[in-house]
Amino acid sequence: MGIVQWARIKSPWILHFPSPGCNGCDIEVLAALTPRYDVERFGILLKPSPRHADILIVTGAVSKQVAKRLKRIYEQMPEPKFVIAVGTCAVNGNVFQGSPFVYEGVDRVIPVDVYIPGCPPRPEAIIHGIVTLIKKIKGGGNGGKK
Amino acid sequence: MSTISLIIGPQHPALHEAERFLFKVEGETVIDVIPRIGYMHRGIEKLMETKTFVEGLYLAERICGICNVAHTLCFAEAVEQAADVEVPPRAKYLRVIAHEFNRLHSHLLLLGVAAELMGFETLFMLFWRDRELVMSLFEELTGNRVISAYVRVGGVTRDISPTLADKIKDKLPKLYKRIERYKKVLSEDPTFTTRTIDVGYISGSKLLALGAVGPTIRGSGVKIDLRYTDPYEVYDEIPFNVITYKEGDSWARYMVRIDECLELINIVLYALDHLPQGPICTKVPRTIEGEGEGRVEAPRGELLHHTIWRGGVTPWRHRVRTPTYANIPGVCEMFKGYHVADIPIILGSIDPCFACTDRTTVMLLDVESGTKKTMTIGEIKKKYWRR
Ligand code: SF4
């Protein structure tokens, strides 16, 4: 393991992209950063700019209007980059399935590495998702196998 | 001095949702604002017409996850009025309790975010630590932390157990003391007061003319609160004060919210003490004919659901009017004449919730070129709606 990958595993920085869901997932992602769950103790930091981030967290269903923006933000992130889809909306569209303005899942727009279902997933589930991704990075992208 | 345009959004750390504002700036001063809303548009009102009221409730709840109880309550009230159903009194009290819990978590969330926006990280963490207490009590009451579908058409889904009632009665007074302490911090700490006092001033009469609602207008001294002016559920039986502040600046709007937190703890405790016995749900017919209207004071202001049923299992039309949508013209006035650095704080002071705001934008407005494009319902149906 090179020094860059070692550092990446110890402290992944995340960017949160709220796309048009209902906010339920957004507040749970924020709750994961606050004292009771506190992901900062693992070195996970929320970053405001896509250029500083390793992991893109997408919450909510992707509408046709934000799809272009989401792609652009994804392209602005430096390689290697990972995407986590948080919430059933981001996984498959949830109750908005069938609406002509919404994509059924983030993976219709950008590639996704980890899916966290739940409406909204609990902060513990979100932390578990990030840990799964870290395992995946460690194993060279092999689905979390050691 | 020349004017430059400053674009904030759709992805911006100060906006927790995708939305764009175009500020015309002269030096450091904002002289004009053009909001571009609609990024969060999901076509909910149209989708509602394909759902029965049981399914529609879940959709209504997902208009906004933060004030989800307000939306389900409003939806249920509208459908109950259309179906002419009376809800049992115990269910009404339980609805009030869940509704107020929801408001408590929403206000604490906003105050924490406001502290974060001005760089006061410690206060943000403190608010969110105490919010977790509310979340866990809410989870025990309803079954989930955020979205729970607690209110249903005809009543509520679960009863409250005596042990949980005792637990709430034990925990909330402790929270009351902590919130009182935060109130002292907000009114005295210079970190907070220098950033908010006399920032984003707007008069009550102007806000009334612009149609603002909720804590935004109560911060300018106008006493409008649906729980008081047009009581729904059992608010006419519960004594409480309507909080208003005369100052009209961002500070006043934040203070309204923290005072409301204290007030609603009293409401919950009163409701728990006066909880009547009886059933918690009634039966509602599957097909409905009629028209109903639900009006609820959501954490951000007045919320309206209007529904028309023509004898089918799905509504013929369902219309939602949300508080943030009504507050956007007001907030655009507030920005003018203040500095660029004040933008997040002023925007935060109306507690914006864009997931609520954007449901059916039919008009497509191109901000840069100023061209408007309006689509008729027929065009939309042809283009998007094949079912
Ligand atoms: S998954 Fe559920 S909680 Fe999350 S954004 Fe979608 S509707 Fe809201």
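Residues numbered from 1 in each chain as written. Chains lettered and ligands numbered in written order. Predicted model: local features only at pLDDT ≥ 70, side-chain atom pairs only at ≥ 80, totals over all residues. Heavy atoms only, no water.

So, the overall build of chain A
From N to C terminus, chain A includes five helices and five strands. Mapped in sequence order, the helices and strands of chain A form the string α-β-α-β-β-α-β-α-β-α. For chain A, whose C-alpha radius of gyration is 15 Å, the value lies close to the compact-globule estimate of 15 Å for 146 residues. Along the three orthogonal principal directions, the C-alpha set of chain A runs to about 45 × 35 × 30 Å. Within chain A, the proportion of its 146 residues that are buried is 55%. Of the contacts made within chain A by residues no fewer than 6 positions apart, 76% connect residues no fewer than 24 positions apart. Looking at chain A, you have 19 positive and 11 negative side-chain charges, and the mean spots of the two groups are 4 Å apart. (Helix = DSSP H or I, 4+ residues; strand = E, 2+ residues; numbered from the N terminus. Rg over C-alpha atoms; globule rule 2.2 N^0.38 Å. Buried < 20%, exposed > 50% of the residue type's maximum accessible area, 1.4 Å probe, protein only. Contact = heavy atoms within 4.5 Å. Lys, Arg positive; Asp, Glu negative; His and termini not counted. Charge placed at Lys NZ, Arg CZ, Asp CG, Glu CD.)

Here we look at the overall build of chain B
Looking only at helices and strands, chain B has 15 helices and 10 strands in total. Out of the 387 residues in chain B, the part that is buried amounts to 58%. Residue pairs in contact within chain B that sit at least 24 positions apart in sequence constitute 70% of those at least 6 positions apart. In the form shown here, chain B has an accessible surface area of approximately 15000 Å², with 52% of it arising from carbon and sulfur atoms. (Areas by Shrake-Rupley, 256 points an atom, 1.4 Å probe, with all protein chains shown as cover.)

Thoughts on the pairing of strand 3 (residues 29–36) of chain B
Here strand 2 (residues 20–26) of chain B pairs with strand 3 of chain B via seven bridges, running antiparallel. From the neighbouring strand, Val 25 of chain B faces strand 3 of chain B, where its bridge partner is Val 30 of chain B. (Pairing = 2+ DSSP bridges.)

Some words on the pairing of strand 3 (residues 55–59) of chain A
Residue and element names in this part refer to chain A. Of all five residues in strand 3, five are buried, a share of seventy percent or more. Of the two faces of strand 3, both are covered, the one formed by Ile 55, Ile 57 and Thr 59 as well as the one formed by Leu 56 and Val 58. Here strand 1 (residues 13–18) runs beside strand 3; their pairing, made up of five bridges, is parallel. Bridged to Phe 17 within strand 3 is Val 58. Sheet analysis places strand 3 next to strand 4 (residues 82–86), joined by five bridges and oriented parallel. Looking at the pairing, Val 58 lines up with Ala 85 of strand 4. A crossover connection joins strand 3 to the parallel strand 4 through helix 3 (residues 64–76); in handedness this β-α-β unit is right-handed. (Right-handed = clockwise from strand over helix to strand, strands pointing away.)

Digging into the interface of chain A and chain B
Counting from both sides, the interface comprises 39 residues of chain A and, opposite them, 43 residues of chain B. When chain A packs against chain B, close to 3500 Å² is buried across both sides, 64% of that on carbon and sulfur atoms. For the chain A face of the interface with chain B, the top three residues by lost area are Ile 27, Gln 65 and Phe 101 of chain A, together amounting to 16%. The interface formed by chain A and chain B includes two salt bridges. As a salt-bridge pair, Arg 145 of chain B and Glu 28 of chain A come within 2.8 Å of each other at their nearest N and O atoms. Here chain A is connected to chain B by five residue pairs in polar contact (both at pLDDT 80 or more). Only strand 1, helix 2 (24–31) and helix 3 of chain A provide two or more residues apiece to the side of chain A that touches chain B. (Buried area = accessible area lost by both parts, 1.4 Å probe. Salt bridge = Lys/Arg side-chain N within 4 Å of Asp/Glu carboxyl O. Polar contact = N/O pair within 3.5 Å; in protein donor to acceptor, adjacent residues only side chain to side chain.)

Comments concerning the domain arrangement of chain B
In terms of domains, chain B is made up of domain 1 (44–355) and domain 2 (363–387). For domain 1 of chain B and domain 2 of chain B, the distance between their C-alpha centroids amounts to 32 Å. (Domains from an automatic or database assignment.)

Examining the pattern of salt bridges
All names here are of chain B. Tallying each qualifying case throughout the model produces 30 salt bridges over all chains. For the salt bridge of Arg 295 with Glu 302, the shortest nitrogen-to-oxygen distance reads 3.1 Å. On the basis of relative accessibility, which here comes to 28%, the residue Arg 295 falls in the partly exposed class. A single network of salt bridges, built from pairs that share partners, joins Glu 100, Arg 103, Arg 218, Asp 225, Arg 227, Glu 260 and Glu 297.

A look at the site of the ligand
Lining the immediate environment of the ligand, one finds 13 residues, of which Cys 22, Cys 25, Thr 88, Cys 89 and Cys 119 of chain A sit closest. The ligand sits at a junction of chains, with neighbouring residues supplied by chains A and B. The set of elements that each furnish at least two residues to the shell around the ligand consists of helix 2 and helix 4 (88–92) of chain A. Looking at side-chain class alone, the shell around the ligand contains six nonpolar, six polar and one charged residues. (Near = heavy atom within 4 Å. Nonpolar A, V, L, I, M, F, W, Y, C, P; charged D, E, K, R; others polar.)

Observations concerning the sheet that holds strand 3 of chain B
Residue and element names in this part refer to chain B. Sheet architecture is open: three strands sit in the order 1-2-3, paired in antiparallel fashion. The sheet terminates laterally at strand 1 (3–8) and strand 3, the two strands that pair on one side only. Shown here is a sheet whose adjacent strand axes are inclined to one another by a mean of 25°, direction ignored. Of the pairings in the sheet, the one linking strand 1 to strand 2 comprises six bridges and is antiparallel in character. In the strand pairing of strand 2, Ile 8 is matched with Phe 21. Packed onto the sheet, helix 12 (residues 323–335) meets strand 2 and strand 3 and runs at close to 160° relative to strand 3. (Axes fitted to C-alpha atoms, helices over the stretch in contact; angles between N-to-C directions.)

A closer look at the nonpolar core
All names here are of chain B. Core analysis: the biggest nonpolar cluster contains 130 residues, and Phe 101 and Leu 104 have the highest contact counts within it. Ranked by the residues each element gives to this core, the list is headed by helix 4 (residues 89–117), at 15 residues. Every residue in contact with Phe 101, bar those within four places of it in the chain, is listed here: Val 134, Leu 137, Phe 138, Leu 141, Ile 168, Leu 172 and Val 268. If you look at the next biggest cluster of nonpolar residues, it comprises 24 residues, including Phe 23, Val 199, Met 334 and Tyr 338. (Core = buried A, V, L, I, M, F, W, Y, C linked by side-chain atoms within 4.5 Å.)

Let's talk about the sheet that holds strand 7 (residues 301–310) of chain B
All names here are of chain B. Spatially, 6-7-8 is the arrangement adopted by the three strands of the open sheet, whose pairing is antiparallel. Either end of the sheet is taken by a strand with one partner, and the two such strands are strand 6 (289–298) and strand 8 (317–321). Neighbour to neighbour, the strand axes of the sheet diverge by 10° on average, direction disregarded. In this sheet, strand 7 lies alongside strand 6 in antiparallel orientation, the contact comprising 10 bridges. Bridge pairing in strand 7 places Glu 293 opposite His 306.

Considerations on the packing of helix 4 of chain B against helix 5 (residues 121–142) of chain B
All names here are of chain B. Remark: helix 4 packs on helix 5, axes separated minimally by 8 Å, with the N-to-C direction vectors making an angle of 165°. Compared by their axis directions, helix 4 and helix 5 come out roughly antiparallel. Every pair of crossing elements has a handedness; the one defined by helix 4 and helix 5 is left-handed. Residue-level inspection shows Ile 97, Ala 98, Phe 101, Leu 104, His 105, Leu 108, Leu 109, Leu 111, Gly 112, Val 113, Ala 115 and Glu 116 of helix 4 in contact with helix 5, the latter providing Glu 121, Leu 123, Phe 124, Phe 127, Trp 128, Arg 131, Val 134, Met 135, Leu 137, Phe 138 and Leu 141. (Parallel < 35°, antiparallel > 145°, perpendicular 65-115°, else oblique. Left-handed = near helix turned anticlockwise from the far one by under 90°.)

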